[in-house]
Amino acid sequence: MTSQPRVLSGMQPSADSLHLGNYLGALRPWVQRQSEQENFFFVPDLHSLTSRIEPGVLAERTRKTVAQYIAGGLDPEANVLFIQSHVPEHAELAWVLSCVTGFGEASRMTQFKDKTAKGGADQANVGLFTYPILMASDILLYKPDAVPVGDDQRQHVELTRTLAQRFNSRFGEVFKVPEASIPAAGARVYDLQNPTSKMSKSSESPAGRIEILDSDKQIAKRIKSAVTDAGTEIRFDREEKPGVSNLLDIYSSVTGRTVAEAEEEFAGKMYGHLKVAVAEAVVAEIAPVRERALELLADPAELDRILASGREKARAVAAATLGDVYSAVGFLRAG
Ligand code: TRP
């Protein structure tokens, strides 16, 4: 048994490529810490059904997401990499947890409220409503110590903790109560066209996104067309200069220099200089990840082998937890 803390996280396969925000805010930090922890990283494809996704693209996006996990540096031998729908225990535990979740409690999840605010509850499916319960199930099956997620998922991890505690006090200690680990504010990447909103796969225009699988040329083009702010001075000021601040932040993040060092480097220079330098730095970071991802995607047999081995390791853990849950709630167990 290892004494390293266990960590679990995942990113939905809802786009053809991860974007720079996913990479700098999630994948790269996972990779940087992988050797200090025992890691379970998965692709929550069941969650993707809560929004309309073409059946014809889901499998391909799932493959691309895992390929990018590995290309970004996650070691598939040392870590458990798997696909949520390959492990049936996720959906099974979600049912049990839905029976310990209050209807009002689920109704108060802000992400559900935000997502249904526009179209109204009639436009939303029940899966979107129970989404946080499935997420709690993803987490609790593996008994992780920590769950690295973006700030927008904090409330879901809170619910997970609540459900774990409630279950344990009602049925006996089965679950570990996990902590959310939220990255520092600097790890957030904003949309290039709309630099007060987070870079997101669901934003209206792709022009504000830098995608990992884009060509060097496309990446440079998007950065060169990023909106900048009034004035000419290159300085970090999130309020007055959100566009320039985002570029400085990205630059700092990919070069490892501090924002203050970056400000100094560009003092007296024009916005154009900053954009050229950011484009070069981002391409230098991303191009090798893209190349490796494309190589992996060109070898589906190898990816399948990795996923089969991840599935086996994940199921061993998940099945043991679900067995304990079924016994704890009092089901007559199959002989
Ligand atoms: N809801 C998460 C997101 O959209 C994805 C997710 C599903 C997840 N299950 C999880 C993240 C379990 C961490 C742990 O970002």
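Undergrad: I'd like a description of the pattern of salt bridges, backed by residues and values.
TA: A side chain of one charge can pair with a side chain of the opposite charge when the charged atoms of the two come close. Across all of its chains, the model carries 24 salt bridges by this definition. For E77, the salt bridge goes to R305, with nearest N and O atoms at 3.3 Å. Residue E77 is located in the loop between α3 (55-71) and β3 (80-83), and its partner R305 is located in helix α13 (residues 300-329); the two are separated by 228 residues in the primary sequence. The class for R305 is partly exposed, based on a relative accessible area of 39%.

Undergrad: Describe the site of the ligand, and please don't skip the residues or the numbers.
TA: Lining the immediate environment of the ligand, one finds 14 residues, of which H47, Y131, M135, D138 and Q153 sit closest. Contacts to the ligand include Y131, whose side-chain N or O atom sits 2.7 Å from a nitrogen atom. Within the contact set of the ligand, a nitrogen atom lies 2.9 Å away from a side-chain nitrogen or oxygen of Q153. Notes on the ligand: free accessible area 360 Å², of which the protein chains cover 89%. Those elements that provide at least two residues to the shell around the ligand are β1 (6-10) and α7 (126-140). If you tally residues by element for the shell around the ligand, the top one is α7, at four residues. Classifying every residue of the shell around the ligand by side-chain character gives eight nonpolar, five polar and one charged.

Rules and cut-offs
Residues numbered from 1 in each chain as written. Predicted model: local features only at pLDDT ≥ 70, side-chain atom pairs only at ≥ 80, totals over all residues. Heavy atoms only, no water. Salt bridge = Lys/Arg side-chain N within 4 Å of Asp/Glu carboxyl O. Helix = DSSP H or I, 4+ residues; strand = E, 2+ residues; numbered from the N terminus. Buried < 20%, exposed > 50% of the residue type's maximum accessible area, 1.4 Å probe, protein only. Near = heavy atom within 4 Å. Polar contact = N/O pair within 3.5 Å; in protein donor to acceptor, adjacent residues only side chain to side chain. Areas by Shrake-Rupley, 256 points an atom, 1.4 Å probe, with all protein chains shown as cover. Nonpolar A, V, L, I, M, F, W, Y, C, P; charged D, E, K, R; others polar.

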